[in-house]
Amino acid sequence: MITREEWEKKLNAVKLRKEDMNTLVMNFLVTEGYVEAAEKFQRESGTKPEIDLATITDRMAVKKAVQNGNVEDAIEKVNDLNPEILDTNPELFFHLQQQRLIELIRQGKTEEALEFAQEELAPRGEENQAFLEELEKTVALLVFDDASTCPVKELLDLSHRLKTASEVNAAILTSQSHEKDPKLPSLLKMLIWAQTQLDEKAVYPHINDLSTGKLEDPSE
């Protein structure tokens, strides 16, 4: 069994540069869209962000528009940012158009929804089998008077908006040559994985609460 004192000594022997830690924090703030926090952190730490912080505000405006169901506005904002994002990503554009259809159905605009599906989505479904299947699932919402009884009722959940918003957010980040996911959560997952692997070989203090990083003895 490795005591906490011995484990802390081993951990303290690992040298981490403060600049590297600051870069991780800035990467998280930029990727997740915390522009005010990123600006403050830049002033206090001197850490330069990987992208222009002004673009974060624009990216978050797109994400918020999708989350609020204002998909048409979101598409306009994406094109204002970079028209190539949707031009080069047919799957993303289809999902945005699909979300527009879902919002029309949610609002009870049945005729408008059918017309939109036929004019905007059906042609894309003819070219792509996966798109066609997704379109058929979405249109199925119109068959049921009570959406709660529809087999694909999850399309009307707000979680579907969030999924589409995350997809748009990732595409914008990629277009800016930035990782679509922050590095910090990935490192924490690696920590959990490493502890799991070590559990098979030794008894040692764990970090059970990632929010505090506190070492706890196995008996705690």
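The structure presented is a predicted model; accordingly, all values stated were derived computationally and were not measured.

Cut-off values and rules
Residues numbered from 1 in each chain as written. Predicted model: local features only at pLDDT ≥ 70, side-chain atom pairs only at ≥ 80, totals over all residues. Heavy atoms only, no water. Helix = DSSP H or I, 4+ residues; strand = E, 2+ residues; numbered from the N terminus. Rg over C-alpha atoms; globule rule 2.2 N^0.38 Å. Buried < 20%, exposed > 50% of the residue type's maximum accessible area, 1.4 Å probe, protein only. Contact = heavy atoms within 4.5 Å. Lys, Arg positive; Asp, Glu negative; His and termini not counted. Charge placed at Lys NZ, Arg CZ, Asp CG, Glu CD. Phe/Tyr/Trp six-rings, centres within 6.5 Å; stacked < 30°, edge-to-face > 60°. pLDDT = per-residue confidence, 0-100. UniProt positions renumbered as here; feature names shortened; annotations may be inferred.

Caption draft 1: Seen up close, the overall build of the protein. Across its full length, the protein holds eleven helices and two strands. For the protein, the sequential pattern of α-helices and β-strands runs α-α-α-α-α-α-α-α-α-α-α-β-β. Here the protein has a C-alpha radius of gyration of 23 Å; the compact-globule value for 220 residues is 17 Å, and the former is much larger. Overall, the C-alpha framework of the protein stretches about 70 × 40 × 30 Å when taken along its three principal axes. Burial status across the protein gives 35% buried among its 220 residues. For the protein, long-range pairs separated by at least 24 residues make up 52% of all intrachain contacts whose partners lie at least 6 apart in sequence. Within the protein, one finds 26 positive and 43 negative side-chain charges whose respective centroids are separated by 9 Å.

Caption draft 2: Examining the packing of aromatic side chains more closely. As enumerated under the stated definition, the model contains two aromatic pairs in all. When the centroid spacing of 4.3 Å and the interplanar angle of 5 degrees are considered together, the rings of F94 and F131 count as stacked. Of this pair, F94 sits in helix 7 (residues 90-106) while F131 sits in helix 9 (residues 129-139), and the two are 37 residues apart along the sequence. You'll find F94 and F131 in the same group, each marked buried.

Caption draft 3: How the structure looks around the confidence of the model for the protein. When pLDDT is averaged along the protein, the result is 89; 99% of the residues meet or exceed 70. When mean pLDDT is compared element by element in the protein, helix 7 scores highest at 96, while helix 1 (residues 4-12) scores lowest at 78.

Caption draft 4: The arrangement of the UniProt feature "domain: CTLH" (unreviewed entry) in the protein in detail. Per the UniProt annotation, the sites labelled "domain: CTLH" (unreviewed entry) are residues 55-112. Here residues 55-112 is 83% helix and 0% strand, with 34 Å between the C-alpha atoms at its ends.

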